[in-house]
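Below are the chains, spelled out letter by letter.
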Amino acid sequence: MNAEQAGYQAIDRICDYHVTLRDRPVLSQVEPGYLRKALPSSAPTEGEDFQLIADDYQKYIIPGLTHWQHPSFFAYFPTPSTFEGILAELYASSTSNPGFNWSVSPACTELEAVVMDWIAQLLGLDESFYNTSEVGGGVIQTSASDSVLVATVAARSRYIREHPQVAMENLVLYTTTQTHSLGKKAGLVLGLRVRALAVTAQDDFALRGDTLKVALEEDMNAGFHPFILIGTVGTTSSGAVDRLDEIADVAKHYPFLWLHVDAAWAGVALVCPEYREAYQLPTINSYVDSFCTSFYKWGLIQFDGSCLWVRHRKDLTDALDVTPEFLRSKHGNAGTAIDYRNWQLGLGKRFRSLKFWFVLRARGVKGFQKYISDCIKLNTKFTQSIYESELFSVVTKPSLSMTVFRLAPKSLPQLRTSELNTLNRAFYARLAARNDIAITQTDLNGVFCIRMVIGAEQTLESDVERVLALMKYEAMVLLKNQWEGIGGRRGRKTDVVPFHSH
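In the nomenclature of an unreviewed UniProt entry, the protein chain is known as Pyridoxal phosphate-dependent transferase of Suillus discolor. According to its UniProt record, the protein chain has this under Sequence similarities (unreviewed entry): "Belongs to the group II decarboxylase family." According to its UniProt record, the protein chain has this under Cofactor (unreviewed entry): "pyridoxal 5'-phosphate".

Given below as structure tokens:
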């Protein structure tokens, strides 16, 4: 097989894969170590025919994949895979370059600067975040975790510059009890003290301004120095939105506190103007120091690619600029071009902006808005069914395309939280054992629950109806099998009708 034949075959097989996604199991059924048993113990001495390599991908790799683009994938957050993005990645890899400054490939730097401004406009971000402002600007990071780490490094550097007498061990990074693990990991990597501020169900798990104020006063009186708060728009567990308006009102009295907003999932919904106020865009535009959203979650862009904007780019470059002689260039020295290596932790960077450019042009603003709106409409239908159900209940306010719920039969109102948690762990175990659905669990302040997130582009209303029927079936089987032991009481039995996946 020559290179041309291999290329055509690869494209055909990729197309076939996506066309047949609906017919595949969502979850891989292999066991740990399956691939080591199937492959040779060392690389071949002589090169092999590419047809054999391509066939082994189908034989050994595909069975070990979880299909995140499957219409019945409702776990974690979505990860898109559009044909425009696939082709862009192909083009980008065909001209592989490290992209660490403007001169090594001008198109890579310039396209990133342009598409980051396009996306800022798409989301309604203030012009102070545009690259054309030459004060703020945007950069594509690997993931939201990298965006938080970069923002924390910049915030720490700024604080230490302004407070050189402060010892590093007295710095404090603020998260909340619902912040993604990226906050705690940033603390681990940088050796920082991390304080998680408590949020409550009564506040829909959102951080309130009063909570921040109390924490600031406590820590400062104890000799500590809070220097950054990682706020969230759309938390992983519940889709909660921290009250950035209240937080900004407090933070104005503590100007040394950097406010970073992690909107990795929900931020993409800002393409729809009707969600901008509820998801705190006015405060993002007027106050925050940095903001990130990850288009590889809900933005039709393949992993990876997290968009990070800062209000003052100099905060990044002051913290991260390391320029030995061999990296110096005419335009870099003159400051006439962005050197993105000084906006990130690593030196080189992939040509990620190409897939953004392809997808943005192919879909347009209206295409993005329709995709987001369709996902939210499907979740609204799902949520309404949960509200009307005799078996399930919503745990916290639904957020965009996410609903958090649990099995809580109305016929068993006497069950305590601990008993409901035990019941729901058993219910989730039944769902997780299936290969025709992917869904994840979470814990909200001691309440074990199930989170449903709609985001696959192929998901239809019929898929949502099917998953509701599947959940009802598994719940009824569980209740029938464990009826005697639930809450120590007997309830009214209901016949269980067998559920057939397709």
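Caption draft 1: Molecular detail of the overall build of the protein chain. Scanning the protein chain from terminus to terminus reveals 16 helices and 11 strands. Relative to its length of 502 residues, the protein chain is compact, with a C-alpha radius of gyration of 25 Å against a globular reference of 23 Å. Summarising its shape, the C-alpha atoms of the protein chain cover approximately 75 × 70 × 45 Å along the three principal directions. Considering the protein chain as a whole, with its 502 residues, one finds that 52% of them fall into the buried category. Expressed as a percentage of contacts within the protein chain between residues at least 6 apart in sequence, the contacts between residues at least 24 apart total 74%. Approximately 23,200 Å² of the protein chain is accessible, and the part contributed by carbon and sulfur atoms is 54%. A distance of 5 Å separates the average location of the 50 positive side-chain charges in the protein chain from that of its 54 negative side-chain charges.

Caption draft 2: A look at the packing of aromatic side chains. The full count for this structure, using the stated rule, is 17 aromatic pairs. Considering the side-chain rings of Tyr-159 and Phe-256, the 5.9 Å spacing of their centres and the 80° angle between planes classify their relative orientation as edge-to-face. Placement of the pair is Tyr-159 in helix 6 (residues 144-162) and Phe-256 in the loop between helix 9 (244-251) and strand 5 (258-262), with a sequence separation of 97 residues. Each member of the pair Tyr-159 and Phe-256 is classed as buried. The interplanar angle of 80° and the centroid separation of 6.1 Å between the aromatic rings of Tyr-254 and Phe-256 together place this pair among those described as edge-to-face. As far as the burial class goes, Tyr-254 and Phe-256 line up, both buried.

Caption draft 3: A look at the UniProt feature "modified residue: N6-(pyridoxal phosphate)lysine" (unreviewed entry) in the protein chain. Sites flagged by UniProt as "modified residue: N6-(pyridoxal phosphate)lysine" (unreviewed entry) map to Lys-297. Within the fold, Lys-297 resides in helix 11 (residues 295-298). When neighbours within four sequence positions are excluded, Lys-297 is seen to be in contact with Phe-77, Pro-78, Thr-79, Pro-80, Ala-264 and Trp-265.

Caption draft 4: Region of interest: the environment of Thr-152. Relative to the helices and strands, Thr-152 resides in helix 6. As for Thr-152 and Ser-72, which are separated by 80 residues in sequence, their C-alpha atoms are 36 Å apart. Sequence-distant contacts of Thr-152, defined by excluding residues within four places in its chain, comprise Leu-173, Ala-186, Leu-190, Leu-192, Phe-227 and Ile-228.

Caption draft 5: Representation of the packing of helix 5 (residues 106-123) against helix 14 (residues 353-388) in the model. As a packed pair, helix 5 and helix 14 sit with axes 9 Å apart at the nearest point and diverge in direction by 40°. Classified by the angle between their axes, helix 5 and helix 14 sit oblique to one another. Along this stretch, helix 5 crosses helix 14, giving a crossing that reads as left-handed. Here Cys-108, Leu-111, Glu-112, Val-115, Trp-118, Ile-119 and Leu-122 of helix 5 lie close against helix 14, whose contacting residues are Ser-353, Leu-354, Phe-356, Trp-357, Leu-360, Arg-361 and Val-365. Partitioned by chemical class, the residues of the contact of helix 5 with helix 14 number 11 nonpolar, 1 polar and 2 charged.

Caption draft 6: Fine view of the nonpolar core. In terms of nonpolar packing, the biggest core is built from 139 residues, with Phe-295, Trp-298, Trp-309, Phe-427 and Met-471 touching the most fellow members. Contacts of Phe-295, omitting those with residues within four sequence positions, involve Pro-80, Ile-119, Leu-122, Leu-123, Val-268, Leu-300, Ile-301, Gly-305, Cys-307, Phe-356 and Phe-368.

Caption draft 7: Expanded view of the pattern of salt bridges. For the coordinates displayed, the defined rule picks out 30 salt bridges. Linking Arg-161 and Asp-315 is a salt bridge whose minimum nitrogen-to-oxygen distance equals 3.8 Å. With Arg-161 in helix 6 and Asp-315 in helix 12 (residues 313-320), this residue pair connects regions lying 154 residues apart in the sequence. What makes Arg-161 partly exposed here is its relative accessible area of 41%. When its relative accessible area of 9% is taken as the criterion, Asp-315 is described as buried. Beyond isolated ion pairs, a larger network of salt bridges with shared partners links Glu-89, Asp-304, Arg-350, Arg-352 and Lys-355.

Caption draft 8: Just the pairing of strand 4 (residues 225-232), in detail. Most of strand 4 is tucked away, with 7 of its 8 residues classed as buried. As judged from the 4 bridges shared by strand 2 (residues 171-176) and strand 4, these two strands associate in the parallel manner. Paired with Leu-171 across the bridge in strand 4 is His-225.

What counts, and at which threshold
- Residues numbered from 1 in each chain as written.
- Predicted model: local features only at pLDDT ≥ 70, side-chain atom pairs only at ≥ 80, totals over all residues.
- Heavy atoms only, no water.
- UniProt positions renumbered as here; feature names shortened; annotations may be inferred.
- Helix = DSSP H or I, 4+ residues; strand = E, 2+ residues; numbered from the N terminus.
- Rg over C-alpha atoms; globule rule 2.2 N^0.38 Å.
- Buried < 20%, exposed > 50% of the residue type's maximum accessible area, 1.4 Å probe, protein only.
- Contact = heavy atoms within 4.5 Å.
- Areas by Shrake-Rupley, 256 points an atom, 1.4 Å probe, with all protein chains shown as cover.
- Lys, Arg positive; Asp, Glu negative; His and termini not counted.
- Charge placed at Lys NZ, Arg CZ, Asp CG, Glu CD.
- Phe/Tyr/Trp six-rings, centres within 6.5 Å; stacked < 30°, edge-to-face > 60°.
- Axes fitted to C-alpha atoms, helices over the stretch in contact; angles between N-to-C directions.
- Parallel < 35°, antiparallel > 145°, perpendicular 65-115°, else oblique.
- Left-handed = near helix turned anticlockwise from the far one by under 90°.
- Nonpolar A, V, L, I, M, F, W, Y, C, P; charged D, E, K, R; others polar.
- Core = buried A, V, L, I, M, F, W, Y, C linked by side-chain atoms within 4.5 Å.
- Salt bridge = Lys/Arg side-chain N within 4 Å of Asp/Glu carboxyl O.
- Pairing = 2+ DSSP bridges.

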